[in-house]
Each structure stands twice: as structure tokens, then as C-alpha cells.
Amino acid sequence: MIILGLTGSIGTGKSTASRYLQKRGIPVLDADQTVKNLYTDKNFCRELSVLFGENILNQQGYIDTLLFGRLVFENKEWLQQLNRMIHPRIKAEFEKRKALLSNIHPIVVYDIPLLYEANMEELVDVVALVCLDKQKQIARIRERDNRTLEQIEQIIGYQMPQEEKKERADYVLNNNGTKEALYQQIDDMISDVMSRYE
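In this text the structure is predicted, and so the values were computed from the model without any measurement.

Definitions and limits used
- Residues numbered from 1 in each chain as written.
- Predicted model: local features only at pLDDT ≥ 70, side-chain atom pairs only at ≥ 80, totals over all residues.
- Heavy atoms only, no water.
- Patch = residues over 30% accessible without salt bridge, like charges linked within 9 Å, V, L, I, M, F, W, Y side chains within 5 Å.
- Areas by Shrake-Rupley, 256 points an atom, 1.4 Å probe, with all protein chains shown as cover.
- Salt bridge = Lys/Arg side-chain N within 4 Å of Asp/Glu carboxyl O.
- Lys, Arg positive; Asp, Glu negative; His and termini not counted.
- Charge placed at Lys NZ, Arg CZ, Asp CG, Glu CD.
- Helix = DSSP H or I, 4+ residues; strand = E, 2+ residues; numbered from the N terminus.
- Buried < 20%, exposed > 50% of the residue type's maximum accessible area, 1.4 Å probe, protein only.
- Phe/Tyr/Trp six-rings, centres within 6.5 Å; stacked < 30°, edge-to-face > 60°.
- pLDDT = per-residue confidence, 0-100.
- Domains from an automatic or database assignment.
- Contact = heavy atoms within 4.5 Å.
- Buried area = accessible area lost by both parts, 1.4 Å probe.
- Polar contact = N/O pair within 3.5 Å; in protein donor to acceptor, adjacent residues only side chain to side chain.

All right, on to a positive patch on the surface then. Taken together, Arg19, Lys23, Lys136, Arg140 and Lys179 make up a surface patch of like positive charges. Put simply, the parts of the chain that give the positive patch at least two residues each are helix H1 (14-23) and helix H6 (134-145). Within the secondary structure layout, lysine 136 lies in helix H6.

According to the stated counting rule, one finds 14 salt bridges in the structure shown. Its salt-bridge partner being lysine 165, residue glutamate 117 comes within 3.2 Å of it at the nearest N-O pair. Here glutamate 117 is found in the loop between strand S3 (107-111) and strand S4 (126-131), whereas its partner lysine 165 is found in helix H8 (residues 162-168), with 48 residues between them in sequence. A relative accessible area of 0% means that lysine 165 is categorised as buried. One connected set of salt bridges, linked through shared partners, spans Glu121, Glu164 and Arg168.

All chains considered together, the criterion is met by six aromatic pairs. Measuring from ring centre to ring centre gives 4.2 Å for tyrosine 20 and tyrosine 183, while their planes differ by 10 degrees; the resulting arrangement is stacked. Separated by 163 residues along the polypeptide, tyrosine 20 in helix H1 and tyrosine 183 in helix H9 (residues 179-197) bring together distant segments of the chain. Taken together, the ring pairs connect Phe52, Phe68 and Trp78 into an aromatic cluster.

Moving on: the confidence of the model for the chain. Close reading of the predicted structure is inappropriate where its pLDDT is low. A residue-level look at the chain finds 99% of positions with pLDDT of 70 or above and a mean pLDDT of 92. Within the chain, the element-level pLDDT minimum falls on helix H7 (residues 149-158), averaging 85, and the maximum on strand S5 (residues 171-174), averaging 98.

Turning our eyes to something else, we now look at the domain arrangement of the chain. When its domains are assigned, the chain resolves into domain 1 (1-27 + 107-197) and domain 2 (33-104). Centre-to-centre separation of domain 1 and domain 2, based on C-alpha positions: 22 Å. Contact residues are listed per partner, giving 16 residues for domain 1 and 13 residues for domain 2. Summed over both partners, the interface of domain 1 with domain 2 comes to about 1,300 Å²; 72% of that surface belongs to carbon and sulfur atoms. Interface area lost by domain 1 to domain 2 is led by Met1, Tyr110 and Tyr158, which between them contribute 40%. Remark: the boundary between domain 1 and domain 2 carries one salt bridge. Across the pair glutamate 122 and lysine 91 runs a salt bridge, and its minimum N-O distance is 3.2 Å. Summed over the shared surface of domain 1 and domain 2, the result is four residue pairs in polar contact (both at pLDDT 80 or more). Elements that contribute at least two residues to the side of domain 1 that touches domain 2 include exactly S3 and H7.

Put into C-alpha cells, the structure is as follows:
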């Protein structure tokens, strides 16, 4: 089984690529969804509140994700602490699910936005990066997330520069054109991956 790591900086269209791979019948393990699931675990939420303060919890005892997200992105040390707690859990969950899929699918996608930043390349056989020109990236984030330009620049600044990711990736999927153009690149990539690594 081939493990394809799918990554891309915020707002570049990685989720669009991920959905298309799923439509093709390829299993996608989603790091962001794994984190959302963690936030529904009250024990994990309590663990976070011990580190970051009770005010990050809502009345039901779960993480107030809007507040916590803002606080974390305003404090680099908090972000690093959070990542140290979350990344091992993502790895463990992916390895567990990989074992269930190993004899069923020839290729499985690990959708990990912070693949390089979290040093998770060792989990995958090959890496595909979705990229987009910075001005388009910023425009998409503003439209989607209703964030200020300062907040967007701050988030992008925490991530590895796109040019560095391009140098490290095995496949670069350019998302500056239409969705159909992106889909064609994905189709070509999957054909190439299957022929090279089968």
C-alpha cells in the first residue's frame, strides 16, 4: 500500500484536492478532522484547560474553538505546546486506521496541512503539495474565514514558506487555474504514483 501525503498552506485549495481524491474512491485520513474529534473528547479538553486555562472551555466543558484558535495564533509558544500534544495523537490515529486499510486499498491519502512543520514526512511514501499564488491565497482566506489581513499574514508566517515546500514535495499541484485543471493534475499524479510504486 502506498501512503500519499497531501499538504498545502492555508487557503491553497488542499481541501478541494482531498474531496476529489475521495470522490475517486481513495481513502483520505484527515488530520484536521482528527483534531476536531479530539475536541469532542472531554478528557482531552480538560487536559488542554490545565495547560492553557479554564477560560478556553465553553459552558459544556468543551473547547471554545473560536476563542482558543485566536489565543493560540497570537502566542507562538502556546501553538508549539498545542502541536506537541496533538501531533502524536494524529500519528497514532493514522497508524491505527492504516492497519485496517492495508489489505483493501492500494493507495491511502494522509491529508496533513502541517506535514512538514510537524515532521510527519516519515509517515508517508510520497508527498503532493497544493500551491497557489499568495495574493489569491490571501483573498480566499479573507472570503472564507472573515479574518483581517494581519491575522492571515500571521497564520501564513507560522507555516513553512510555500517555495520551500515546493522544493521538498514529490508532486506540486498548481491550483491557480480551474478546478478541472487541478483535477487533471491529480489524475495524472495518481497514475504516475501507481505506476512508480506498485
